[in-house]
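An overview of the molecular structure
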Amino acid sequence: MKIINTKKLTKTFSKSEFDWRRLRFNKTDNIAVNKIDLEIEEGEFIGFLGPNGAGKTTFLKMLSGIIYPTSGEARVLGYDPFEKKYDFLRQIGLVMGQKNQLWWDLSASDSYDLLKEIYDLDEQTFRKNLSEMVGVLGMEKLLARRVRNMSLGERMKCEIVASLLHQPKVLFLDEPTIGLDVVSAQAIREFLKRVNVEKKCTIILTSHYMADVEALCKRVVIINKGKKIFDGELAQLMQKYAPEKRVQIILPTLSDREKFAHLKFDKKLWEGKGIISVPKNKLKNVVEEIFDQFPAENILISDPETEEVISKIFQES
Amino acid sequence: MKKFWRITYILYRNAVIRDLKISISIITGALNHLMDGVVSIALIFIVYTKTDAIGGWNIYETLILISSMKIITTIFSSWLKKGTGLFAEHMVRTGEYDFYLTKPFDPMIAVSISKPRIYNLINIPFYVYIFIYAINHLGRSIPPVNIACFFLLFICAFLLFYALRLITVIPAFWIIKSYELVSITDRLQNVMKYPADIYPRTMAILLSTLLPIFAISYLPVKVLLFEPRLEYIIYTILITGLFLLLARLFWKFGEKHYGSASS
């Protein structure tokens with residue numbers, strides 16, 4: 001079942017400045033999101049990737065009803081998000097990595113009490129949902145601590161719990177792991193994965209971090225300058241934009257480096273390693289020749305880094 | 001409505017928990033408000049040592065007027081002032097308003113009641129005392145119908161003051177630095193301290209229509225102390241309804257232009 005559907009969704013930000021010389025207003029338009037069509041199925045975990053200012057967050061804010069589109073249409077859970085109907089708002093959650101919804105000077109549990117009333121949760125459901133999430137995230141000791149005394153990772157755990165207390169059907173995540181250390185980011189990723197699988201919650205994630213998308217999202221949408229430039233599975237993306245394998249050879253001796261220099265493939269030398277990018281259909285021939293000339297333990301065959309591929313796409317677009 | 005009061009209760013409870021953790025803010029805030037109340041009332045006593053009446057109102061009538069107005073503005077400042085002020089000054093600029101828009105609770109109301117200040121209420125017993133003291137010294141009995149009309153108009157006055165405040169903060173949807181406008185409602189309190197009869201005709205018309213300040217302080221006390229004329233009651237209810245409607249429509253219109261803040 002399609003849970004989100006957009007047709008030519010567009011957002012233009014206009015800015016007017018008064019020109020005192022000509023005594024008139026000058027209006028400048030910035031197209032943040034440009035005619036994006038998108039369909040998302042129930043239960044998907046979809047990642048939005050794009051450089052700063054690409055339009056990811058603006059698109060997410062239109063889907064959650066925060067900002068009105070300039071043109072086009074969007075349906076989320078069968079509702080027009082901009083009408084902000086109670087039943088729609090009751091079924092969505094929002095986490096913003098760089099903003100707080102919890103009271104800064106209070107404990108997280110004080111903020112949760114407020115959310116319980118806002119979402120009309122009965123005491124039993126509220127306690128059950130809260131204790132379940134607190135247990136999984138291991139944040140029993142955090143509940144009584146003031147939000148401003150928490151680390152960024154701890155705060156983000158509390159923010160995510162706040163957005164899931166009412167068990168939303170759709171969760172919007174805007175860079176939830178920004179600034180987090182590896183351990184905290186990993187804990188949050190695992191928790192989100194669990195929510196997606198166990199609660200069948202559709203999750204829309206925007207992130208700068210490839211690690212988030214690789215770990216969580218089967219499907220990715222790449223946005224640049226407001227336009228959708230790719231929509232499909234991550235594996236497809238790699239197939240389309242990186243149809244090559246990377247062969248790395250460690251070259252510890254001068255004679256190894258000389259042998260590498262005589263190879264007839266497209267190659268480069270970087271930090272004592274020889275790197276060859278080989279189209280997959282020619283991999284067999286290349287590998288045979290390399291294994292003939294170099295010890296097997298010095299050879300590594302891999303796919304290019306996803307991050308590298310994405311930045312290549314951004315540069316091309 | 002039940003949900004609204006439950007949320008209000010939790011917000012006040014959380015505000016108390018927060019303020020108790022920074023108790024110095026309670027003490028300084030309370031002192032500031034108490035000082036303001038004492039000075040306002042003391043000034044009235046000083047003025048009346050030189051005259052018997054202002055605009056035909058004796059000292060007790062003026063004390064009822066000013067204490068009634070202060071009760072309205074004090075409840076307002078404890079309950080709705082900080083939230084609406086922060087909306088214009090901070091929430092739109094930083095994008096904090098985003099969270100209010102994604103909750104199943106009216107964002108205009110949520111913003112308004114979001115930052116209560118419990119210590120602002122410290123003056124309420126003082127103003128209630130002044131109000132009762134002035135009634136007792138008035139030397140005439142007040143019929144129950146006048147009291148009922150007063151309470152009705154008192155509620156209207158509170159809502160009208162809220163509507164005026166909303167109208168001053170809504171431009172923040174378009175112009176981020178428009179938050180200075182919010183102090184207009186603070187300035188208006190100076191006008192509300194005195195009986196309408198002292199103002200020249202053109203100003204009186206302005207203060208009954210475009211800036212209907214008379215409906216906030218003057219008319220409720222007028223119906224309490226003098227004849228509760230039907231036209232006063234109808235006018236106050238209509239002007240309150242009109243300004244609330246205008247504020248609501250203006251807010252909804254502003255929301256369509258809300259651009260949030262970049263991440």
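Values in this document were obtained by computation on a predicted structure and should not be read as measured data.

Within chain B, the regular secondary structure consists of 11 helices and 0 strands. Reading chain B from its N end, one meets helices and strands in the order α-α-α-α-α-α-α-α-α-α-α. Rg of the C-alpha trace for chain B: 19 Å, near the compact-globule value of 18 Å for 263 residues, within the 12% margin. Every one of the 263 residues in chain B was classed for burial, and the buried ones make up 53%. Considering only contacts within chain B whose residues lie at least 6 apart along the sequence, 79% involve residues at least 24 apart. When the accessible surface of chain B is totalled, it reaches about 12,000 Å², and 70% of it is carbon and sulfur. Side chains of chain B carry 25 positive and 14 negative charges; the gap between the two charge centres is 7 Å.

Glancing now at the sheet that holds strand 11 (residues 267-270) of chain A. Sheet strands pair by backbone hydrogen bonding; their relative direction is either parallel or antiparallel. All names here are of chain A. The antiparallel open sheet is built from 4 strands, whose spatial order is 11-12-10-13. The open sheet has two free edges, formed respectively by strand 11 and strand 13 (299-302), since each of these has just one partner strand. On average, adjacent strands in this sheet sit at an angle of 20° to one another, irrespective of strand direction. Contacting strand 10 (244-250), strand 11 and strand 12 (273-279), helix 9 (residues 254-261) runs over the sheet at an angle of about 155° to strand 11.

It is worth spelling out the interface of chain A and chain B at this point. A common way to express how large an interface is: the accessible area buried when the components associate. Opposite the 32 residues of chain A that make contact, chain B presents 29 residues. Here chain A meets chain B over a buried area of about 2,900 Å², counting both sides, of which 63% is carbon and sulfur. Our count for the chain A to chain B interface comes out at 6 salt bridges. The salt bridge partner of Asp120(A) is Lys3(B), with a shortest N-O separation of 3.2 Å. Counting across the chain A and chain B interface gives 8 residue pairs in polar contact (both at pLDDT 80 or more).

This next bit is on the domain arrangement of chain A. All names here are of chain A. Annotation of chain A at the domain level lists domain 1 (2-239) and domain 2 (244-316). Put simply, the middle of domain 1 and the middle of domain 2, counted by C-alpha atoms, are 39 Å apart. At the interface, 14 residues of domain 1 touch 9 residues of domain 2. At the surface where domain 1 touches domain 2, the tally comes to 0 salt bridges. For the interface between domain 1 and domain 2, the tally reads 0 residue pairs in polar contact (both at pLDDT 80 or more). For the side of domain 1 that touches domain 2, the element with the most residues is helix 8 (residues 234-241), which contributes 4 residues. Of the residues contributing to the side of domain 1 that touches domain 2, the split by class is 9 nonpolar, 4 polar and 1 charged.

This part is about helix 1 (residues 56-63) of chain A. Of all 8 residues making up helix 1 of chain A, 8 are buried, and the element is well covered by its neighbours. Lys56(A), Thr57(A), Thr58(A), Phe59(A), Leu60(A), Lys61(A), Met62(A) and Leu63(A) are the residues of helix 1 of chain A that are buried.

On to the packing of aromatic side chains, then. Residue and element names in this part refer to chain B. Applying the stated criterion to the full structure yields 33 aromatic pairs over all chains. Considering the side-chain rings of Tyr97 and Trp251, the 6.1 Å spacing of their centres and the 70° angle between planes classify their relative orientation as edge-to-face. Of this pair, Tyr97 sits in helix 4 (residues 97-101) while Trp251 sits in helix 11 (residues 230-256); the two residues are 154 residues apart in sequence, bridging distant segments of the chain. Under the relative-accessibility criterion, Tyr97 is labelled buried at 0%.

The rules behind each value
- Residues numbered from 1 in each chain as written.
- Chains lettered and ligands numbered in written order.
- Predicted model: local features only at pLDDT ≥ 70, side-chain atom pairs only at ≥ 80, totals over all residues.
- Heavy atoms only, no water.
- Helix = DSSP H or I, 4+ residues; strand = E, 2+ residues; numbered from the N terminus.
- Rg over C-alpha atoms; globule rule 2.2 N^0.38 Å.
- Buried < 20%, exposed > 50% of the residue type's maximum accessible area, 1.4 Å probe, protein only.
- Contact = heavy atoms within 4.5 Å.
- Areas by Shrake-Rupley, 256 points an atom, 1.4 Å probe, with all protein chains shown as cover.
- Lys, Arg positive; Asp, Glu negative; His and termini not counted.
- Charge placed at Lys NZ, Arg CZ, Asp CG, Glu CD.
- Pairing = 2+ DSSP bridges.
- Axes fitted to C-alpha atoms, helices over the stretch in contact; angles between N-to-C directions.
- Buried area = accessible area lost by both parts, 1.4 Å probe.
- Salt bridge = Lys/Arg side-chain N within 4 Å of Asp/Glu carboxyl O.
- Polar contact = N/O pair within 3.5 Å; in protein donor to acceptor, adjacent residues only side chain to side chain.
- Domains from an automatic or database assignment.
- Nonpolar A, V, L, I, M, F, W, Y, C, P; charged D, E, K, R; others polar.
- Phe/Tyr/Trp six-rings, centres within 6.5 Å; stacked < 30°, edge-to-face > 60°.

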